[in-house]
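Listed below, chain by chain, are the residues.
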Amino acid sequence: MLFRSFVGWYTPQLATPTGPWGVGRTTLHWVDKDRPESWTPEPDDRRKINVVVWHPAEKGDGSPAPYLPDADRLPGLGRLERLVVRRIQPCSRLGAAPAGPGGPRPVILFSPGGDTPSYYYASVIEDWVSQGWIVVGVEHAFESKGRVRPDGSIDSRTIDDYRPPPTEGDADLRFEKFYRRRAAERAADLGFVLDQLVRLNNDDPLLRGRLDLRSEEHTSELQSPCNLVCRLLLEKK
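What counts as what
Residues numbered from 1 in each chain as written. Predicted model: local features only at pLDDT ≥ 70, side-chain atom pairs only at ≥ 80, totals over all residues. Heavy atoms only, no water. pLDDT = per-residue confidence, 0-100. Contact = heavy atoms within 4.5 Å. Core = buried A, V, L, I, M, F, W, Y, C linked by side-chain atoms within 4.5 Å. Buried < 20%, exposed > 50% of the residue type's maximum accessible area, 1.4 Å probe, protein only. Helix = DSSP H or I, 4+ residues; strand = E, 2+ residues; numbered from the N terminus. Pairing = 2+ DSSP bridges.

Draft legend 1. Structural context of the confidence of the model for the protein chain. Looking at the protein chain, pLDDT values average 82 and 84% of them are 70 or higher. Overall, residues 1–8 carries pLDDT values under 50, and its contacts beyond four positions in sequence, including any with other chains, amount to 7 contacts. Long-range and interchain partners of residues 216–237, a stretch whose pLDDT sits below 50, account for 36 contacts in this model, where long-range means more than four residues apart.

Draft legend 2. Representation of the nonpolar core. Of all hydrophobic cores here, the largest spans 21 residues; its most connected members are W54, Y67, L68, I125, W128 and V135. Elements with a contribution of two residues or more to this core: strand 2 (46–57), strand 5 (105–110) and helix 3 (122–130). Element by element, the count of residues in this core is highest for helix 3, at 4 residues. Counting residues in hydrophobic clusters, the runner-up holds 19 residues, among them L28, V136, L190 and F192.

Draft legend 3. Here's a closer look at helix 3. For helix 3, every residue scored as buried is listed here: A122, I125, E126, W128, V129 and S130. At its buried positions, helix 3 is contacted by strand 1 (22–36), strand 2, strand 5 and strand 6 (134–139). One or two steps after helix 3, the chain reaches G132, where phi turns positive at roughly 115 degrees.

Draft legend 4. The arrangement of the pairing of strand 1 in detail. Sheet topology note: the strand 1/strand 2 ladder contains 12 bridges and is antiparallel. Within the sheet, the bridge partner assigned to G24 lies in strand 2 and is H55. Sheet topology note: the strand 1/strand 4 (residues 93–94) ladder contains 2 bridges and is parallel. Following the sheet pairing, R25 is matched in strand 4 by L94.

Below you can see the structure in the form of structure tokens.
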């Protein structure tokens, strides 16, 4: 009770980014119409992917962003986790204008850990963005805390709903197939998102001309496994 009272009173602020730019954030909702959703039984269901874009922005522009959007509605949050994430204040801003003139910026295609939203990495992501990077966080379907659809309805399913039950004899094989299938779906998500980034770079009002998607440019000390995947996908194309 004392801990809950303390959390309810205290508003933790994420570390201030060290770079010269502010941090803007926007969320995009996409449907891969060419890929059936393999986790659901509905034959007409297609893979739905939410993407969070953090971009360099003018400092002070826009309005404060929540740490985890719709935290009050997501069914995958426990009571204490919900209480905590509602109080955390990131440095990202909604509706912030992109940082002013300059050429395209390097991109990190970010795939978060299993069962974890990319928002939970905000502290490190915001620092990258303040240094001039654009970070694209992929919210893999069923891999987070639940999902609010664009129409406002709730999808409460999580990947655990499709995890095979532990059974004697073939448990190891069943789990191996489950995780291989899960990894394959995540990789396909990244390929689809990369295709959409090419489109955004051509015609999106916010990001047009701002994404440097040339693989040879993605070689700085900020190299990460996620950025490596982006490079490999680009080289395949």
